[in-house]
Amino acid sequence: MIPLSHYLLVSAILFTIGAVGVLIRRNAILIFMCIELMLNAVNLSFIALAAYQNLVDGQVFVFFVITVAAAEVAVGLAILVYLFYQRLTTDVDDINSLKG
Amino acid sequence: MIELIPLVLYLPALGAIINAFAGRKSVSRIVGPAVVGLAFLIALVVLAGLLALPPDQRSRDVLMWTWMPGRGLDIQIAARVDPLSLLMTLVVTGVGFLIHVYSTGYMADDERYARFFFYLNLFITAMLALVLGNNYLMMFLGWEGVGLCSYLLIGFWFYKPEAANAAKKAFVVNRIGDFAFTIGVLWLFAIFGTSDYNVIFGKAHEVFKPGDTTITWITLLLFIGATGKSAQLPLFVWLPDAMEGPTPVSALIHAATMVTAGVYMVVRSHALFELAPLTMSVVASVGALTALFAATIALVHTDLKRVLAYSTISQLGYMFMAAGVGAWPAAMFHLTTHAFFKALMFLGAGSVMHGLHGETNIFKMGGLRKFMPVTAATFVFGWLAISGIPPLAGFFSKDEILAQTFNAGYPALWALGTLTAALTAFYISRITILAFFGRQRFGRDVHPHESPPSMTAPLAALAFLSLVGGMALGLPLGEGSLINQFLAPVFTESHVPVEAATGNADLLTSISVAMGVLGIGVAWVLYVARWIPASFVSRVFKPFYILFSRKYFVDEIYHALVVVPAVWTAEFLFKAVDHAMIDGVAIGGAVEVMTLWSRALRWTQSGYVRSYAFLTLLGAVAMVLFFLFRL
Amino acid sequence: MPDLSNLPYEQAIFYLVSALAVGCALAMILSKNAVHAALFMVANFGLVAVLYLLLRASFIATIQVIVYAGAIMVLFLFVIMMLNVQEADPRSSRGPQDRLFTLGSLAPLLGLGLLGALAYVALGVKQPAATSGGLVFANIQDVGALLFTRYLYPFEITSLLLLVAMIGAVVLAKRR
């Protein structure tokens, strides 16, 4: 059977790709998608670790994560649309109002 | 009837409150004098009550309230009613009342009339607290209170720079004395655990042996406080400048009452001072030297009020001399008569200034008796009284002091005092003759006029007191006099050995009278007969003249020794410490450090989301690595 | 219930699907076109759903496809098309903002460090003894039972969260 560590390794690779994606992409929508990718990678870890201990709790957690992710996307995309109407861009490098 | 004594204290306080908040001239001119007059009447009632008691029971403490009870520091705000405090109370309220009445005329045109009476009433309140308290804490409260009122009243016309500076000077110089006084009182508190007179004076003989170092230091500290408040050497410099204040203030505070607080304090603490013979000698010597010192300065000054100010310092010196030789009743006697005739002369001077539009130079007066007969006539009583001409008030008290000084075994001090008596008679005659007699030396456009009755009536009353005050209190001469008998219960435990009179009392009296006559005679020769021109005398004694007229250069010496170093220190602190260190290094340095740090860290706050995300991830990776390989 | 503890070609399927998932993820973050990126993401999510199935988590695999590949991706695609934004080549840097900490060259380095750390942990995990006989199939019934017993309060709170998100999205969208 497949070793647990291999599942975790896949999860780690996907998570890293998502993180790097957040850093290198400038489009807010794509950054969002990368965040979803990272969440997904974590979900994979949850399920793998739970399955290899004959537990169902991991799936319940993933259920919650998916729910939260859905809510996040709904609100996040609404903000994004709003931002676009204000600035006419979704490039996060054009948005630096946080600068002190 | 003695229980009425709190009213004496409350009435002026009430008056002060009314004057502070009513602020109307019509209110103040009634309330201001009325409360003090009522207090005087009540004090008379209390006196009657006290005299009804047998002499050995004439000391009562009347509790008013307890301050901060239950913390081991129960401070009783209580009044001590005994002949000593009551005598002072009568002087303060009696003379104070007359001066209040006088002020209604003198200050009539001042737009801050109500405030003036607020200060005056407040002063009376503080002075009565000082006098009536039965513990050193109340005395201290009153002590500081009268100091504050003195400051406020000297600087009443604060828009004049001289007045503002004089007020400041008075306050600062007094503070030096007050500092010593505070230490003395706290030292007593540390030893006895209370500041109550009964406890301290009652136990003093058990706690200290005569001549103990501790009691000597304590009494010296108390006496330094007295030199500040009563303008003795070396802290007298503020009193002449205090003449910048309104003249009724000079009469009330800087002649009759406040400056005598030091004398009163020493007399009140006689049980302590008697345990410190060294301090007693210091007190007597300082008193005698101050008397002579101030009298010599008064010889040559031309400002009417300043001559009177130096005269006050000189007369206070007499009182301390008496206190120093243990002649407590004599000191209080002179305090009382001095209050009469010096208040009279100050008010007379004020009347002259009133008539001459503020002129105080005696060489710009002359012949005023024709224009202001009442002022001139009453001033003559003051002149004769202070010169020690019998049977006026000053004769009795001054003679008593000189005789007791001689009898106590201080012939040198007696000689100083006698010489001072001659000088006193001379300078007072000088100003009297120059101001009221002879030809007119003021300009033709000046039209002197007599003051209103509100001012001349108090003059007449004080002239009457100067005339009969001595006879009433000082007869029969010697131990049996009324004032001695009245005050005797206070000093029953007096431990100064009273030696048998060694001098011939009649001879001593004759000498002091002769000195007075001599002084007046010299003044007559110089200023009336003009056998010798005064300018010739001043040329012959030129070094002395310069020394006296420059006030022994004391102000210059103090300026060089105290003011200049103080200014240097302040400049140093301002420039080196405040400017360079605090502003420059501490505050500026903090700003600089913050700026550098901010500059160094500013680029981390680019405002770009991706940069924050990068740093967040960097931190996360660093933490993962840390936990992996360190733990 | 059939015995699903052993599936045919399980290992081959796992490695193939994993490789495809990683490839899709890489393609997603590197693609110039946002729509392409979104489509690569859908593919990635579908492949991860297969991995869930291999872990016998059929319910999660199902909602992974329905919620992510269905609802969320449609939403993403909708926004992308509505805003119609195109990004320049993600690897080209432009402007001063790319000088520090956002450099395309630094980010992969950091990613390598992260990957190293995570791989070190992942490979260090021992195989649990509980599943030596193969993985057990957990159906929707098991998930539902747990969800409505032990995790009832988090479940209810999640419903509240969804409500808040819904209202928030409406408010944001309405404001002009």
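Everything below is about the structure shown above.
Calculation notes
Residues numbered from 1 in each chain as written. Chains lettered and ligands numbered in written order. Predicted model: local features only at pLDDT ≥ 70, side-chain atom pairs only at ≥ 80, totals over all residues. Heavy atoms only, no water. Contact = heavy atoms within 4.5 Å. Buried area = accessible area lost by both parts, 1.4 Å probe. Salt bridge = Lys/Arg side-chain N within 4 Å of Asp/Glu carboxyl O. Polar contact = N/O pair within 3.5 Å; in protein donor to acceptor, adjacent residues only side chain to side chain. Nonpolar A, V, L, I, M, F, W, Y, C, P; charged D, E, K, R; others polar. Buried < 20%, exposed > 50% of the residue type's maximum accessible area, 1.4 Å probe, protein only. Helix = DSSP H or I, 4+ residues; strand = E, 2+ residues; numbered from the N terminus. Pairing = 2+ DSSP bridges. Phe/Tyr/Trp six-rings, centres within 6.5 Å; stacked < 30°, edge-to-face > 60°. Lys NZ or Arg CZ within 6 Å of the ring centre and 35° of its normal.

K.L.:
Sorry, what's going on with the interface of chain B and chain A here?
P.N.:
By a widely used convention, the size of an interface equals the accessible area lost when the partners come together. If you look at the interface, chain B gives nine residues, while chain A gives 14 residues. For the pair chain B and chain A, the summed buried area comes to about 1,000 Å², and 63% of that belongs to carbon and sulfur atoms. The largest per-residue losses of area from chain B upon contact with chain A belong to Y608, R610 and L617 of chain B, which jointly make up 55% of the total buried on that side. Inspection of the chain B/chain A interface yields zero salt bridges. Across the chain B-chain A interface, the total number found is zero residue pairs in polar contact (both at pLDDT 80 or more). Residue composition of the side of chain B that touches chain A, grouped by class: five nonpolar, three polar and one charged.

K.L.:
Any chance you could explain the pairing of strand β2 (residues 75-81) of chain B here in plain terms?
P.N.:
Walk down a regular strand and you will see the side chains alternate between the two sheet faces. Residue and element names in this part refer to chain B. Most of β2 sits inside the fold, with six of its seven residues counted as buried. Here strand β1 (residues 60-67) pairs with β2 via seven bridges, running antiparallel. If you follow R60 over to β2, its bridge partner there is V81.

K.L.:
Looking at this structure, how should I read the packing of aromatic side chains?
P.N.:
The description of an aromatic ring pair uses the distance of the two centres, along with the angle that the planes make with each other. A complete count under the given rule lists 37 aromatic pairs over all chains for this structure. Ring plane angle 70° and centroid distance 5.0 Å describe the contact between F395 of chain B and F396 of chain B, whose orientation is recorded as edge-to-face. Under the relative-accessibility criterion, F395 of chain B is labelled buried at 8%. Relative to Y527 of chain B, the ring of F426 of chain B has its centre 6.2 Å away and its plane inclined at 40°; by these criteria the two rings are tilted. Highlighted residues: F426 of chain B in helix α18 (residues 411-436) and Y527 of chain B in helix α21 (residues 505-529), separated in sequence by 101 residues. Ring pairing ties together the aromatic residues F46, F61, F63 and F64 of chain A together with F59, F148, Y151 and F155 of chain C, which thus form one cluster. One cation-aromatic arrangement involves K25 of chain B over Y113 of chain B; the distance from NZ or CZ to the ring centre is 5.2 Å.

K.L.:
Please clarify how the environment of A170 of chain B should be interpreted in this entry.
P.N.:
Residues and elements named next belong to chain B. Mapping A170 onto the fold places it in helix α6 (residues 161-192). Distance from A170 to A242, taken between C-alpha atoms, is 6.9 Å for residues 72 residues apart in sequence. Those residues in contact with A170, other than ones at most four positions away along the chain, are I154 and W238.

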